[in-house]
Amino acid sequence: MKSREIHLVKRPSGMLDASCFKLVENDVREALNEGEVLIKNLWMSVDPYMRPRMNDVKSYIPPFALNTVLDGGAVGVVIASRNPKYPVGTGVESMNGWREYFVGDGKGLGIRNFANAKPEAYLGLLGMPGLTAYIGTKVLGKAQPGDRVYVSAAAGAVGSAACQIAKAIGCTVVGSAGSSAKIDWLMREAGVDAAFNYRDEPDYQTALQRLCPQGIDLYFDNVGGLALEAALAVMNRHGRILCCGSIDDYNKTGAEQRGVKNLFHMISKGLTMTGFIVFDYMDDYHKPFAADMGRWLAEGKLRAHETVYEGIEKAPEALIGLFTGANMGKMLVKLGELD
Ligand code: NDP
């Protein structure tokens, strides 16, 4: 059986572009050994962290190797099995995205029930991005009713979940995003109290001072750079900053990475700044996350939005699109149908 996959063939320097990727067709073995399963991927996730992982630097996760298939989150279905734990038809989540089919030995496969939620939801609100928002907002951010919360990249997968979780907790929420359509969605669908388009209003600080007249108690930072600097200036005493991502820096090198110039606010206001990687919290918080998200969904407090590219060949374009704002909500690539 043939399977198409995407290889990283060149490390990007600066902005990611299509020349870094190659579409490759491979044979997938159909004669399974005892314990093996053949999986058809249905959906794959593209995520901003993949860009820093393309640099050849030591980090919390090893860099991607060149000239081999990329990996990333995916949901799929077992189409042949010699493993009793995963009968044919089982929905599974894996880190074996960026390919259409693969043979697995059962390791690294999480069973997902597609009767409870549509397959792609496990890559968005109910999956890693939703958990990231939950950890940053509720667990580490300790959001309380009445808190004034600011979320940057608010219309993305993590940001839109963070906004809605904070609203569900009873916070006042302000978001920023890069288009008027995203601002409309945040106000009308996600229910934030105020939002601004940072492309129309690049002076984040002036916008935040206008929209947060009582200051910010909790800043959920997806962007870094100017957004973080502006939030520092508008934070209330003893406020909390949750450093989730710094997407403004991911395609920059050397002097282009501008840094933050006003860290003295940390001292003068007694702020705390907490960075986190969601993978460190998956085991401990999986259950409370599922319980809270299930309740908020049933109460109509959470809405998912997805941007979908069709076909494995579109995966590089989808990934690049994260850095140009092409997505609203979770960026996904659809790889196949659930037959
Ligand atoms: P998103 O769905 O938010 O997609 C990225 C969005 O970022 C784009 O749509 C774009 O929207 C915005 N953006 C891109 N470049 C810039 C820029 N220079 N300045 C401001 N906004 C920009 O992605 P995710 O929800 O998956 O991830 C959001 C953040 O969370 C990322 O920084 C990511 O690395 C981080 N993250 C961290 C995790 C952790 O464990 N700490 C886990 C998962 C994600 P717009 O139109 O608004 O510009």
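Residues numbered from 1 in each chain as written. Predicted model: local features only at pLDDT ≥ 70, side-chain atom pairs only at ≥ 80, totals over all residues. Heavy atoms only, no water.

### Quick word on the sheet that holds strand E9 (residues 172-177)
Part 1 of the reasoning: One open sheet holds the six strands; their spatial order is E10-E9-E8-E11-E12-E13, and the pairing between them is parallel. Two strands lie at the open edges of the sheet, namely strand E10 (194-197) and strand E13 (272-275), each paired on one side alone. Taken pair by pair, the neighbouring strands of this sheet meet at an average axis angle of 15°, ignoring direction.
Part 2 of the reasoning: When strand E8 (residues 148-151) meets strand E11 (residues 216-221), the two strands line up parallel, connected through three bridges. Within E11, the residue paired with Val149 across the bridge is Leu218. (Pairing = 2+ DSSP bridges. Helix = DSSP H or I, 4+ residues; strand = E, 2+ residues; numbered from the N terminus. Axes fitted to C-alpha atoms, helices over the stretch in contact; angles between N-to-C directions.)

### Observations regarding the site of the ligand
Part 1 of the reasoning: Around the ligand, the structure places 29 residues, and the nearest of them are Val158, Lys182, Tyr198, Val278 and Asn327.
Part 2 of the reasoning: At a separation of 2.8 Å, an oxygen atom of the ligand approaches a polar backbone atom of Gly178.
Part 3 of the reasoning: Tyr198 is positioned such that a nitrogen or oxygen atom in its side chain is 2.4 Å from an oxygen atom of the ligand.
Part 4 of the reasoning: Bound to the protein, the ligand loses 93% of the 910 Å² it would expose on its own.
Part 5 of the reasoning: Those elements that provide at least two residues to the shell around the ligand are helix H2 (128-139) and helix H3 (157-169).
Part 6 of the reasoning: Residue composition of the shell around the ligand, grouped by class: 17 nonpolar, nine polar and three charged. (Near = heavy atom within 4 Å. Polar contact = N/O pair within 3.5 Å; in protein donor to acceptor, adjacent residues only side chain to side chain. Areas by Shrake-Rupley, 256 points an atom, 1.4 Å probe, with all protein chains shown as cover. Nonpolar A, V, L, I, M, F, W, Y, C, P; charged D, E, K, R; others polar.)

### Here's the deal with the packing of H2 against H3
Part 1 of the reasoning: The N-to-C vectors of H2 and H3 enclose an angle of 45°; their axes lie 8 Å apart at closest approach. Between H2 and H3, the angle falls in the class oblique. Here H2 runs over H3; the crossing is right-handed. Note on element contacts: H3 touches H2 through Ala157, Val158, Ala161, Ala162, Ile165, Ala166 and Ile169, opposite Pro129, Gly130, Thr132, Ala133, Tyr134, Thr137 and Lys138. (Parallel < 35°, antiparallel > 145°, perpendicular 65-115°, else oblique. Left-handed = near helix turned anticlockwise from the far one by under 90°. Contact = heavy atoms within 4.5 Å.)

### Section: the side chain of Asp221
Part 1 of the reasoning: Inspection of the secondary structure puts Asp221 in strand E11.
Part 2 of the reasoning: You can call Asp221 buried: its relative accessible area is 2%.
Part 3 of the reasoning: Polar contacts involving the side chain of Asp221 include one to the side chain of Tyr219, which spans 2.5 Å.
Part 4 of the reasoning: One polar contact links the side chain of Asp221 to the main-chain amide nitrogen of Val223, over a distance of 3.0 Å.
Part 5 of the reasoning: Excluding residues that lie within four positions of it along the chain, Asp221 makes contacts with Ser152, Leu228, Leu242, Cys243, Cys244 and Gly245. (Buried < 20%, exposed > 50% of the residue type's maximum accessible area, 1.4 Å probe, protein only.)

### Observations concerning the nonpolar core
Part 1 of the reasoning: Within the largest apolar cluster, 39 residues are counted, with the highest numbers of intra-cluster contacts made by Tyr134, Val151, Ile165, Val173, Leu186 and Trp296.
Part 2 of the reasoning: Residue assignment for this core shows that the elements contributing at least two residues are H2, E8, H3, E9, helix H4 (180-188), E11 and helix H8 (282-298).
Part 3 of the reasoning: Looking at which element gives the most residues to this core, the answer is H3, with eight residues.
Part 4 of the reasoning: Apart from residues lying up to four places away in sequence, Leu186 is in contact with Ala154, Ala155, Cys163, Ala177, Gly191, Val192 and Ala195.
Part 5 of the reasoning: Counting 27 residues, the second largest nonpolar core, distinct from the first, contains Ile6, Tyr49, Ala315 and Ala318. (Core = buried A, V, L, I, M, F, W, Y, C linked by side-chain atoms within 4.5 Å.)

### A few points about unusual backbone geometry
Part 1 of the reasoning: Backbone geometry at Ala153 places phi at a positive 45°, although glycine is not the residue there.
Part 2 of the reasoning: In this fold, Ala153 is placed in the loop between E8 and H3.
Part 3 of the reasoning: The class of Ala153 is partly exposed, set by a relative accessible area of 32%.
Part 4 of the reasoning: With a phi close to 60°, His238 is a non-glycine residue in the positive phi region.

### Regarding the pattern of salt bridges
Part 1 of the reasoning: All chains considered together, the criterion is met by 21 salt bridges.
Part 2 of the reasoning: Of the charged contacts, one joins Glu100 and Arg4 as a salt bridge, the two residues approaching to 3.0 Å between their closest N and O atoms. Here Arg4 lies in strand E1 (residues 2-8) and Glu100 lies in the loop between strand E5 (91-94) and strand E6 (101-104), a separation of 96 residues in the sequence.
Part 3 of the reasoning: Ionic pairing is found between Asp248 and Lys252, a salt bridge with its closest N-O pair at 3.3 Å.
Part 4 of the reasoning: A relative accessible area of 28% places Asp248 in the partly exposed class.
Part 5 of the reasoning: Each of the salt bridges in this network shares a partner with another, and the network as a whole consists of Lys138, Asp292, Arg295, Glu299 and Lys301. (Salt bridge = Lys/Arg side-chain N within 4 Å of Asp/Glu carboxyl O.)

### With respect to the packing of helix H5 (residues 204-211) against helix H6 (residues 225-234)
Part 1 of the reasoning: Following both chains from N to C, one finds H5 and H6 inclined at 40°, their axes separated by 8 Å at the closest point. Here H6 runs oblique to H5, going by the angle between their axes. For the crossing formed where H5 meets H6, the hand is right-handed. Two secondary-structure elements touch here, H5 through Tyr204, Gln205, Leu208 and Gln209 and H6 through Leu226, Ala227, Ala230, Ala231, Ala233 and Val234.
Part 2 of the reasoning: Partitioned by chemical class, the residues of the contact of H5 with H6 number eight nonpolar, two polar and no charged.

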